[in-house]
Amino acid sequence: MDTVGQAPGVNGTPHPGPGWERRYWAVFIGQALSLIGSAMTQFVLLWWITDTTGSIAALSTAGMAALLPQALLGPLGGTLADRYSRRTLMIVADTVSAACMGVLIFLFATGQEQLWHVYLMMFVRSSMQAFQGPAAAASTAMLVPPEFLDRAAGLNQTLQGIMTVAAAPLGALAISLMPLGAALSIDVVTALLGVVPLLIYRIPQLRTPRDQRRSMWAEFREGVDTVWRHPGLRRLYGLLGLVVLTIMPTFTLTPLLVKAHFGGGAGQVALMEGLSGVGMIVGGLLAVTLAPKNRILTVLLALAVSCAALALTALAPAQAFWLGVVWWVLSGVTFSFGNAPLTALLQSGVPNQLQGRVLSLLSTVMGLAAPVGLAIAGPLGQLIGVRGLFVVGGALSALVCLLALLSPALRALGQPQTKAVPSAPLSSET
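- For the protein, an unreviewed UniProt entry supplies the name MFS transporter and the organism Deinococcus koreensis.
- On record in UniProt, under Subcellular location (unreviewed entry), the comment for the protein is "Cell membrane".

Below, the structure is given as structure tokens:
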């Protein structure tokens, strides 16, 4: 089993030592297969709900079951990821998700499936992601050297793009070639493939010794205080929450924009979403290749361009659907390119023993901002129309990102900190 070097790196984090490439790629590929299998299965289940009920309310309920638990339980998952073994959390989360899918496969095979069974499975899987996500994100800084963090974040963005592009066609192919239960079994296989590398390689971790630990609530508050008392982080989290609040409705309303403004149908919507995924892949690969040095400047400028491109999508003439697609794809490229250094910024600037809480708190902020934005978009859209929502939301978000460049606290993010948070000793994971 590989060992980990002890030479200090970012915030006292030990260098991963020789052989880190093999360890990192094994874990990354395993988790990538697990995530792709989950995304494909999500499409299969949503299609089953659509085909079985044809109900908007049923699909909305499924969406809430798939999103809300992750947002609400994220802070707990981040606290546990900093307190206990991240590797164990990832193994348990993947195993529980696979077991739940196994139960659902049995129900479909025996004809006992009901709609609430699918909702419950989505709820459990989303809850497991609340524990798996922070553990995986905080582990990255321990698996790669500091100079590879930006490229690792870019690879994660590329994976998100691949999932966007591949989930629907892979799910549709699986449904066309095999019974529903067999299609769902793919997720079980990919989840187990994600567990195997975690059983082979250990993930080192900085943790507070048991005799120095405080209560779960106190440790959760420590993560909140880390963000709140740091002027740059506090402004960054507020900025991202505001951007998500104004931009998220545009992704939900894209089919309506295509139909009402461009006069298109399902094929045009699928084209936009597929090419957006390709754009995310391109943006992630650009981040891997270029590894921008000024992370916060890259984040703010890239997000500003991405938001402005969303506004320009709706401003394209009704007869120029192709131009709307161009702006939409540009938005995907720049979003992915800007999101990669954001992750690396937090991984390099926050002590590793706090990263689970800090990263999960960001996911919660953005996860809760999304439904608020959707709630506001409903009545506002009645006044200004779907095009107006795209233009106003995109333009305001772009302006906020550009104005953020004037904040000294934000510009200082990523620079050497004058007061470091004390590091915890390295645990001996096996």
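This is not the end of the story, as more comes after the structure.
Some points on the environment of Leu271
Next up, step 1: Considering the arrangement of structural elements, one finds Leu271 in helix α10 (residues 266-290).
Next up, step 2: Measuring from C-alpha to C-alpha, the distance between Leu271 and Val325 comes to 8.4 Å, with 54 residues separating the pair along the chain.

Section: the environment of Leu149
Next up, step 1: Tracing the sequence through the fold places Leu149 in helix α5 (residues 149-177).
Next up, step 2: In sequence terms Leu149 and Ala340 are 191 residues apart; their C-alpha atoms lie 9.3 Å from each other.
Next up, step 3: Contact partners of Leu149, with chain neighbours within four places excluded, come to Thr140, Ala141, Val144, Arg295, Ala344, Gln347 and Ser348.

Section: the packing of helix α3 (residues 86-109) against helix α4 (residues 115-143)
Next up, step 1: In contact at an axis separation of 8 Å, α3 and α4 are set at 160° when each is read in the N-to-C sense. By the angle class used here, α3 and α4 are roughly antiparallel. Along this stretch, α3 crosses α4, giving a crossing that reads as left-handed. Packed against α3, whose contacting residues are Arg86, Leu89, Met90, Ala93, Val96, Ser97, Cys100, Met101, Leu104, Leu107 and Phe108, the element α4 presents His117, Val118, Met121, Val124, Arg125, Met128, Gln132, Ala135, Ala136, Ala138 and Ser139 at the interface.
Next up, step 2: Taken together, the residues that form the contact of α3 with α4 break down as 16 nonpolar, four polar and two charged.

As for the environment of Gln132
Next up, step 1: Here Gln132 lies in helix α4.
Next up, step 2: The class for Gln132 is buried, based on a relative accessible area of 6%.
Next up, step 3: The spacing of Gln132 and Gly77 is 55 residues in sequence and 7.5 Å in space, taken between C-alpha atoms.
Next up, step 4: For Gln132, the residues in contact, after removing those within four places along its chain, are Gln31, Met90 and Ala93.

Notes on the state of the cysteines
Next up, step 1: Evaluated as defined, the whole model comprises zero disulfides.
Next up, step 2: Sulfur of Cys307: no disulfide; nearest cysteine sulfur belongs to Cys401 and is 4.9 Å away.
Next up, step 3: For Cys307, a relative accessible area of 3% translates into the label buried.

Describing the pattern of salt bridges
When their charged atoms lie close together, side chains carrying opposite charge are able to pair.
Next up, step 1: Per the stated rule, a full pass over the model turns up eight salt bridges.
Next up, step 2: Here Asp82 makes a salt bridge to Arg86, at a shortest N to O gap of 2.8 Å.
Next up, step 3: Across the salt bridge formed by Arg125 and Asp187, the nearest N and O atoms sit 2.3 Å from each other. Of the two residues, Arg125 sits in helix α4 while Asp187 sits in helix α6 (residues 180-200), which places them 62 residues apart along the sequence.
Next up, step 4: A cluster of three or more residues bridged by salt bridges with shared partners is formed by Asp82, Arg86, Glu222 and Arg357.

Here is what the cut-offs are and how they apply
- Residues numbered from 1 in each chain as written.
- Predicted model: local features only at pLDDT ≥ 70, side-chain atom pairs only at ≥ 80, totals over all residues.
- Heavy atoms only, no water.
- UniProt positions renumbered as here; feature names shortened; annotations may be inferred.
- Helix = DSSP H or I, 4+ residues; strand = E, 2+ residues; numbered from the N terminus.
- Contact = heavy atoms within 4.5 Å.
- Axes fitted to C-alpha atoms, helices over the stretch in contact; angles between N-to-C directions.
- Parallel < 35°, antiparallel > 145°, perpendicular 65-115°, else oblique.
- Left-handed = near helix turned anticlockwise from the far one by under 90°.
- Nonpolar A, V, L, I, M, F, W, Y, C, P; charged D, E, K, R; others polar.
- Buried < 20%, exposed > 50% of the residue type's maximum accessible area, 1.4 Å probe, protein only.
- Disulfide = S-S within 2.5 Å.
- Salt bridge = Lys/Arg side-chain N within 4 Å of Asp/Glu carboxyl O.

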